[in-house]
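Here is what each chain is made of, one letter per residue.
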Amino acid sequence: MTIKPLIILPDPVLRQLSKPVERVDNDLRKLADDMLETMYDAPGIGLAAIQVGIPLRLLVIDLAKEGEEPAPMVVVNPEIVNSSDERSTYEEGCLSIPDYYAEVERPATVRAKFLDRDGKQQEITAEGLLATCLQHEIDHLNGVLFIDHISRLKRDMVMRKFKKLAKDRPPSRLVG
Ligand code: NI
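Counting starts from 1 at the beginning of each chain's written sequence and moves along it residue by residue. Local features are withheld for residues below a pLDDT of 70 in this predicted model, meaning they are given only at 70 or higher, and side-chain atom pairs are given and counted only at 80 or more; totals for whole chains, interfaces and linings count all residues. Think of the side-chain values as coming from all heavy atoms in the structure, minus any hydrogens and water.

1. Here we look at the coordination of the nickel ion
Any N, O or S atom lying within 2.8 Å of the metal counts as a donor, and for Na, K and Ca the limit rises to 3.2 Å; water is left out, so some sites can look incomplete. Note on the nickel ion: its protein donors are Cys94 (SG), His136 (NE2) and His140 (NE2). The metal-donor distances range over 2.1 to 2.3 Å. Positions of the donor residues of the nickel ion, expressed as sequence spacing, correspond to C-x41-H-x3-H. Highlighted residues: Cys94 in strand 4 (residues 87–94) and His136 in helix 2 (residues 128–141), separated in sequence by 42 residues. Summarising the burial analysis for this pair, Cys94 and His136 share the class buried. Secondary structure follows DSSP: runs of H or I at least 4 residues long count as helices, runs of E at least 2 residues long count as strands, and numbering of each begins at the N terminus. Only protein chains enter the accessibility calculation, which uses a 1.4 Å probe; a residue whose area is less than 20% of its type maximum is buried, one above 50% is exposed, and one in between is partly exposed.

Here you go:
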């Protein structure tokens, strides 16, 4: 497994719309494993393929706490089919926006359909942290970041900070 470089704000790649996965095959499973490795290394609890520069509707999640057995989830072509009116607030962060956290309000419960790592159709009802994490990661597939859900004033402050940081940082990707 390979740890992949993370795409960091304000890289415009993060705003790309990811395309549906056509086939869940060994190449896709290898990518999912690399994403899990990258996520565990960071560490984080969720990662979308676009965050390693690949615009596919694929994400990985593992909500196991430190000391618990890993519980990796591979989520392909997810679709939210129902969201609760009830809402909940979590302090969110993002591996593409390091060291920044803000409270985000989202539907407390979502029903989601997706393909698992074997390409099998799954449908789950997610609540609590899993509901928030799924929505955060599915947002990534649509080019949406959690800072889009906070006030414009706060978002502008974060954008300014990361634009300044990017100037002092060598480019993360080489486009040849
Ligand atoms: Ni994120």
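Now that the structure has been shown, we can carry on.
2. Observations concerning the pattern of salt bridges
What counts as a salt bridge is simple: a side-chain nitrogen of Lys or Arg found within 4 Å of a carboxyl oxygen of Asp or Glu. Overall, the coordinates contain nine salt bridges when judged by the stated rule. Across the salt bridge formed by Arg23 and Asp25, the nearest N and O atoms sit 3.5 Å from each other. Between Arg87 and Glu105 there is a salt bridge, with the nearest N and O atoms lying 2.5 Å from each other. Note that Arg87 is positioned in strand 4 and Glu105 in strand 5 (residues 97–107), a separation of 18 residues in sequence. Note on Arg87: relative accessible area 44%, which makes it partly exposed.

3. Focus on the layout of surface pockets
If you add up the space inside the largest pocket, you get close to 470 Å³. Among the secondary structure elements, those contributing two or more residues to the lining of the largest pocket are strand 4, strand 5 and helix 2. The greatest single-element share of the lining of the largest pocket, amounting to six residues, is contributed by helix 2. Cavity and pocket criteria rest on a 1 Å grid covering protein atoms alone: a 1.4 Å probe that fits but cannot get out defines a cavity, protein on both sides within 12 Å along at least 5 of 7 lines defines an open pocket, and an atom within 4 Å of a point defines a lining residue. Grid points are joined across faces, edges and corners, and a volume is the space filled by probe spheres set on the points. Of the pockets and cavities examined, the second largest pocket occupies roughly 250 Å³. Contributing to the lining of the second largest pocket are Met39, Tyr40, Pro43, Gly44, Ile45, Asp62, Ala64, Lys65, Glu66, Gly67, Glu68 and Pro70.

4. With respect to helix 2
Working rule for helices: expected span equals 1.5 Å times residues minus one. Across its 14 residues, helix 2 extends 21 Å between first and last C-alpha, which sits within 8% of the 20 Å expected from 1.5 Å per residue. Where burial is concerned, most of helix 2 is hidden: twelve out of the 14 residues are buried. Considered for burial, the residues of helix 2 that qualify are Leu130, Ala131, Thr132, Cys133, Leu134, Gln135, His136, Glu137, Ile138, Asp139, His140 and Leu141. Positive phi shows up at Gly143, right after helix 2, with a value of about 75°.

5. Overview of the side chain of Ser88
Looking at the element boundaries, Ser88 is found in strand 4. Note on Ser88: relative accessible area 18%, which makes it buried. Contacts: residue pairs with any heavy atoms within 4.5 Å of one another. If we skip the residues at most four places from it in the chain, Ser88 touches Val104, Glu105, Arg106, Pro107, Ala108 and Thr132.

6. Remarks on unusual backbone geometry
For the bond running from Leu9 to Pro10, omega is 5°, close enough to zero to count as cis. Mapping Pro10 onto the fold places it in the segment before helix 1 (26–41). A cis amide bond links Ala42 to the next residue, Pro43, at an omega of -10°. Take Pro43: it is sitting in the loop between helix 1 and strand 1 (46–48).

7. Quick notes on the side chain of Glu92
Assignment of secondary structure puts Glu92 in strand 4. Glu92 sits in the buried class, given a relative accessible area of 4%. N or O atoms within 3.5 Å of each other form a polar contact, as long as, within protein, one can give a hydrogen and the other can take it, and as long as residues adjacent in sequence are counted only when both atoms are side-chain atoms. Within the structure, Glu92 has its side chain in polar contact with the side chain of His136 (distance 2.9 Å). Not counting chain neighbours up to four residues away, the residues in contact with Glu92 comprise Tyr100, Tyr101, Ala102, Val104, Arg106, Thr132, His136 and Phe146.

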